[in-house]
Structures are given as C-alpha cells and as structure tokens.
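# Coordinate analysis (summary)
What follows is the residue order along each chain.
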Amino acid sequence: MSEFLKSYKEIDRIFEENNVKKPFVCCGKSFQKTDIFEYLKKFDTVVWDTIRPNPRFDDML
C-alpha cells in the first residue's frame, strides 16, 4: 500500500485536506461488498455502478 494511504480510514483526512464534499465512486457491483465501500457510505457519495467489467475510455463519456 502506498505511503499516501495506509488505511482507508485515512480517507476522512484526505477528503478534509482537499475540501472534498461529495466524492464520486465509479465501481463494479463487487466493490460494493467491501469494507471500504461500507466506509464510504458515511460520506455524501455519488456511486456510478452501471459499467461493464474492464470498461473502455468511451464508456466514461
């Protein structure tokens, strides 16, 4: 894991330091079953999960 983020619980600090108010998460359905995703629910998070596996750049437009 990078030195920048040793634990997903540091996300609070990172969001605060960068004035993040409404994070955007682009993920598949499997990510929504993780502890990290559960943790992100405490924020006013926008989730985009209607993407195919291994999306192409064009899918993000």
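Scope of this entry: the structure provided in the associated data block. (Residues numbered from 1 in each chain as written. Predicted model: local features only at pLDDT ≥ 70, side-chain atom pairs only at ≥ 80, totals over all residues. Heavy atoms only, no water.)

## Concerning unusual backbone geometry
For Asn19, which is not glycine, the phi dihedral falls at a positive 55 degrees. Mapped onto the elements of the fold, Asn19 is located in the loop between helix H1 (11-17) and strand S1 (24-26). Assessed through its relative accessible area of 54%, Asn19 is described here as exposed. (Helix = DSSP H or I, 4+ residues; strand = E, 2+ residues; numbered from the N terminus. Buried < 20%, exposed > 50% of the residue type's maximum accessible area, 1.4 Å probe, protein only.)

## Some points on the environment of Arg56
Here Arg56 lies in the segment after strand S2 (46-48). Spatially, the C-alpha atoms of Arg56 and Ile11 are 27 Å apart, while their sequence positions differ by 45 residues.

Keep in mind these numbers describe shape, not what the thing actually does.
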